Amino acid sequence: MITRFLWQGVDRKLRWFIALVLAAGIVPVLLNLFTPPGSALHVPAWALQLVGKYLCYAALALAVDLVWGYCGILTLGHAAFFALGGYCMGMYLMRQIGSRGVYGNPILPDFMVFLNYKELPWFWRGFDHFWFAAPMIVIVPSVLALALGWFAFRSRVTGVYLSIITQAMTFALMLAFFRNDTGLGGNNGMTDFKDILGFPVQADGTRAALYLASALMLALFLLIAGAIVGSRFGKALTAVRDAESRMRFLGYRVEGYKLFVFVLSAAMAGIAGALYVPQVGIINPSEFAPGNSIEAVLWVAVGGRGTLIGPVIGAVLVNWAKTYLTGALPEVWLFALGGLFIAVTLFLPRGVVGLWAQLKAGRERSRRVAPA
Amino acid sequence: MSAPRSTSALLYLSGVTVSFDGFKALNNLSLLVEPGEMRAIIGPNGAGKTTMMDVVTGKTRPDEGEVVFDGQADLTRLDEADIATLGIGRKFQKPTVFENHTVRDNLLLALAGQRSWYRLLTAAPTRAENDRLEEILAVIRMRPQQHMSAARLSHGQKQWLEIGMLLAQDPKLLLVDEPVAGMTDVETETTAQVLREINKSHSVVVVEHDMSFVRALGVKVTVLHEGSMLAEGTLDQVSADPRVVEVYLGR
């Protein structure tokens, strides 16, 4: 039944795109592992690490698109779910350091020794084990989304008000995580990771595996999102987006629909964040910065809101440009980002993915006008 | 609160008052609609016609008064989804269809039955549902357009589609708000026929401005004025009432 569910909404175009994502996951890994470093075909580990980061961003963009593009909930706080997943992974990685920290304390992570902690706070318990941390990566963001969504959707908070609430949520979390007393590393966050599942984080082989895992995650999310969007649930979901009160008068309990995608999307964002952290090697409270969530919305807008392929393309494009520009012309990046936002709103209402259809429609129009 | 009164009427409104910032949109309104009846409601702008529909469908809570459906359900305590499930359908003044969905998907969404989100994740349309969709497409004469997106339909076609959605919803009571606004004379005449057709198996409440349309329906008429009932009877009876002439028809 699950396989039928997964295949029902996956049309040809999406199937090709998922295949492309899988190929983008497997081929560079093979080239990294089986070609000598001097070869023209060799993919260096740093490149895998960089693109692996983009893939995690792409998964976050897909999660944002599921609620914004398909359900009309403009979330400006999704980076918080991403960061929470990242922190759960970070806590596990911190525990894997053991006594190899600077202070060599076998029980407490370095920052706790530094801050005069006497014992491990209760919420760190269990994070020594991957089997505990892994479900937490999903559960923590989901529970927060469930609580927020439950109250907001039941009270029929919509539109700008909901966006402001989500933005306030991520801001509040940022402030909380900045505090040293929160027990999660304060403004330095967590870093200096050593091992993941027994493998050294910095090793090339581990990086290749993390990259592959990121691509598999993205492919799986595309499959799930496609199945949801293509189901009768998906039809109801877009109907809620387009005419919410009409759906109520048809007898649909709109809150259930919104809550389900919101929680699912938060869980996706959490998993993406968890794979992001070992690849970049650090997690700190700046991941909760309100600007991060807004950037994620921008990736979706650039790629094409309400399509499944769009957010992936948008996230990779914008972040590739960001990597390039912050290196080449660091002071230009924020202006470029602002300019991009305006340009997309004005000229690309359907994003890069919609560009093709837009051009075709334009050409048809001019052809129709021309003979007259 | 006392238990809702038991009544033989399908829809029972008694002493319903709704005020917005001191303005009484409905003022002690009472109204009875019998099972199987079709009722036309007329009245000048601001008479409270739309507010009355809002109260019945759960969008607006009355400050005072009783609203009872089907002899037992107290509508003042239920929300839109509950009331729709009980069997009250509503057609809006401006046609509201799902523009990004095809005609067929619009009808599928309206089809009575599946409403829970977790069932719809795996539900495929059943044979019975497909048959029902074909029937409705035939009634509203839109089979050729069934795979067209609703955004591309003409105004009249959207009205038809919305009526089709109400048929798919199969409610006991249909509330229809100004169905012929913006329609041609021919379309108006056909709409009257369709409503009479629908009335054979459903109770209907129609709010309308268009007198020739109300005449074509040929049913009992209720005149609202300033949130209360002013007169009730056949169109000829109420037209002859001097108070009605003064507030409405005379202008």
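Throughout, a residue's number is its position along its own chain's written sequence, starting from 1. For naming, the first written chain is A and the first written ligand is 1, with later ones following in the order written. Where totals are concerned, whole chains, interfaces and linings use all residues; where local detail is concerned, this predicted model gives features only for residues with pLDDT of at least 70, and gives and counts side-chain atom pairs only at 80 or more. By convention in this description, side-chain values take in all heavy atoms of the structure and omit both hydrogens and water.

### Some points on the overall build of chain A
Here is step 1 of the chain: Numbering of helices and strands runs from the N terminus, with a helix taken as a DSSP run of H or I at least four residues long and a strand as a DSSP run of E at least two residues long. Helix and strand content of chain A: 15 helices and four strands.
Here is step 2 of the chain: Just to be clear, the radius of gyration here is over C-alpha atoms, and the globule rule we use is 2.2 Å times residues to the power 0.38. A compact globule built from 372 residues would reach a C-alpha radius of gyration of about 21 Å, and chain A, at 22 Å, matches this within 12%.
Here is step 3 of the chain: A contact between two residues is defined here by any heavy atoms of the two lying within 4.5 Å. Within chain A, contacts between residues separated by at least 24 positions form 76% of all contacts whose residues are at least 6 apart in sequence.
Here is step 4 of the chain: Here Asp and Glu are counted as negative and Lys and Arg as positive; His is not counted, and neither are the chain ends. A charge is said to be at NZ when it belongs to Lys, at CZ for Arg, at CG for Asp and at CD for Glu. If the 29 positive side-chain charges of chain A are averaged to one point and the 16 negative ones to another, these points end up 13 Å apart.

### Topic: the overall build of chain B
Here is step 1 of the chain: Summing up its helical and strand segments, chain B has ten helices and ten strands in all.
Here is step 2 of the chain: Put simply, chain B has 251 residues, and 55% of those count as buried.
Here is step 3 of the chain: Considering only residue pairs separated by 6 or more positions, chain B has 67% of its internal contacts joining residues 24 or more positions apart.
Here is step 4 of the chain: What sets the accessible areas is the Shrake-Rupley method with a 1.4 Å probe; for residues, cover comes only from the shown protein chains. For chain B, the exposed surface amounts to about 11,100 Å²; the carbon and sulfur share of it is 50%.
Here is step 5 of the chain: Looking at charge distribution, chain B has the averaged site of its 26 positive side-chain charges lying 3 Å from that of its 33 negative ones. Type-normalised accessible area, obtained with a 1.4 Å probe on protein chains alone, sets the label of each residue: buried when under 20%, exposed when over 50%, and partly exposed for intermediate values.

### Description of the interface of chain A and chain B
Here is step 1 of the chain: On the chain B side, the residues contacting the 27 residues of chain A number 33 residues.
Here is step 2 of the chain: Summed over both partners, the accessible area lost on bringing two parts together, with a 1.4 Å probe, is the buried area. Taken together, both faces of the contact between chain A and chain B bury some 2,800 Å²; the carbon and sulfur share is 58%.
Here is step 3 of the chain: Salt bridges are identified by distance alone: a Lys or Arg side-chain nitrogen within 4 Å of an Asp or Glu carboxyl oxygen. For the interface between chain A and chain B, the tally reads six salt bridges.
Here is step 4 of the chain: For A:R156, the salt bridge is made with B:E80, and the minimal N-O distance between the two is 2.8 Å.
Here is step 5 of the chain: A 3.5 Å cut-off defines polar contacts: any pair of N or O atoms within that distance qualifies, except that in protein one atom must be a possible hydrogen donor and the other a possible acceptor, and neighbouring residues in sequence count only when both atoms are side-chain atoms. Linking chain A with chain B are 16 residue pairs in polar contact (both at pLDDT 80 or more).
Here is step 6 of the chain: Only α1 (2-8), α9 (232-242), α10 (244-249) and α11 (254-280) of chain A provide two or more residues apiece to the side of chain A that touches chain B.
Here is step 7 of the chain: The greatest single-element share of the side of chain A that touches chain B, amounting to eight residues, is contributed by α9(A).
Here is step 8 of the chain: Note on residue categories: nonpolar means Ala, Val, Leu, Ile, Met, Phe, Trp, Tyr, Cys or Pro, charged means Asp, Glu, Lys or Arg, and polar means any other residue, Gly included. In terms of residue class, the side of chain A that touches chain B is built from 13 nonpolar, five polar and nine charged.

### Here's the deal with the nonpolar core
Here is step 1 of the chain: The criterion is simple. A nonpolar core is a set of buried Ala, Val, Leu, Ile, Met, Phe, Trp, Tyr and Cys residues joined through side-chain atoms within 4.5 Å. One finds A:W124, A:M190, A:L222, A:M247, A:F288, B:L161 and B:L195 to be the most contacted residues of the largest nonpolar core, which totals 171 residues.
Here is step 2 of the chain: For this core, the leading source of residues is helix α3 (residues 45-71) of chain A, giving 17 residues.
Here is step 3 of the chain: When neighbours within four sequence positions are excluded, A:M190 is seen to be in contact with A:Y87, A:G90, A:M91, A:M94, A:W124, A:L184, A:G281, A:I282 and A:I283.
Here is step 4 of the chain: Formed by 26 residues, the second largest nonpolar core is a distinct cluster that contains B:L31, B:A47, B:V56 and B:V205.

### Focus: the sheet that holds strand β9 (residues 220-225) of chain B
Residue and element names in this part refer to chain B.
Here is step 1 of the chain: Paired strands, as defined in this entry, are two strands with at least two bridges between them according to DSSP. If you trace the six strands from one edge of the open sheet to the other, you get β6-β7-β8-β3-β9-β10, paired in mixed fashion. Every interior strand has two partners, whereas the edge strands, β6 (88-91) and β10 (228-233), have only one. Strand-to-strand twist of the sheet, defined as the mean angle between neighbouring strand axes without regard to direction, takes the value 20 degrees.
Here is step 2 of the chain: Where strand β7 (residues 173-177) lies against strand β8 (residues 203-207), five bridges are found, and the strand directions are parallel. Looking at β8, one finds that L173 is bridged to S203.
Here is step 3 of the chain: Angular values range over 0 to 180 degrees, each being the angle between N-to-C directions of two axes fitted as lines to C-alpha atoms, with helices fitted over their stretch in contact. In this fold helix α6 (residues 155-169) packs onto β6 and β7, with an angle of close to 175 degrees to the strand it touches most, β6.
Here is step 4 of the chain: Contacting β3 (38-42), β7 and β8, helix α7 (residues 185-199) runs over the sheet at an angle of about 150 degrees to β8.

### Focus on a nonpolar patch on the surface
Residue and element names in this part refer to chain A.
Here is step 1 of the chain: A cluster of nonpolar side chains, L22, I26, L30, L33, F34 and L216, forms an exposed patch at the surface whose accessible area comes to about 560 Å².
Here is step 2 of the chain: In terms of residue count, helix α2 (residues 12-34) provides more of the nonpolar patch than any other element does, five residues in total.
Here is step 3 of the chain: Inspection of the secondary structure puts L22 in helix α2. Patches here: salt-bridge-free residues with over 30% relative accessible area, like charges joined within 9 Å, nonpolar side chains (Val, Leu, Ile, Met, Phe, Trp, Tyr) joined within 5 Å.

### Regarding unusual backbone geometry
Here is step 1 of the chain: Backbone geometry at A:N116 places phi at a positive 65 degrees, although glycine is not the residue there.
Here is step 2 of the chain: Among the residues examined, A:N116 registers a relative accessible area of 58% and is labelled exposed.
Here is step 3 of the chain: Despite not being glycine, B:D70 shows a phi value in the positive range, around 60 degrees.
Here is step 4 of the chain: Within the secondary structure, B:D70 is located in the loop between β4 (64-69) and β5 (73-74).
Here is step 5 of the chain: Judged by relative accessible area, which is 29%, B:D70 ranks as partly exposed.

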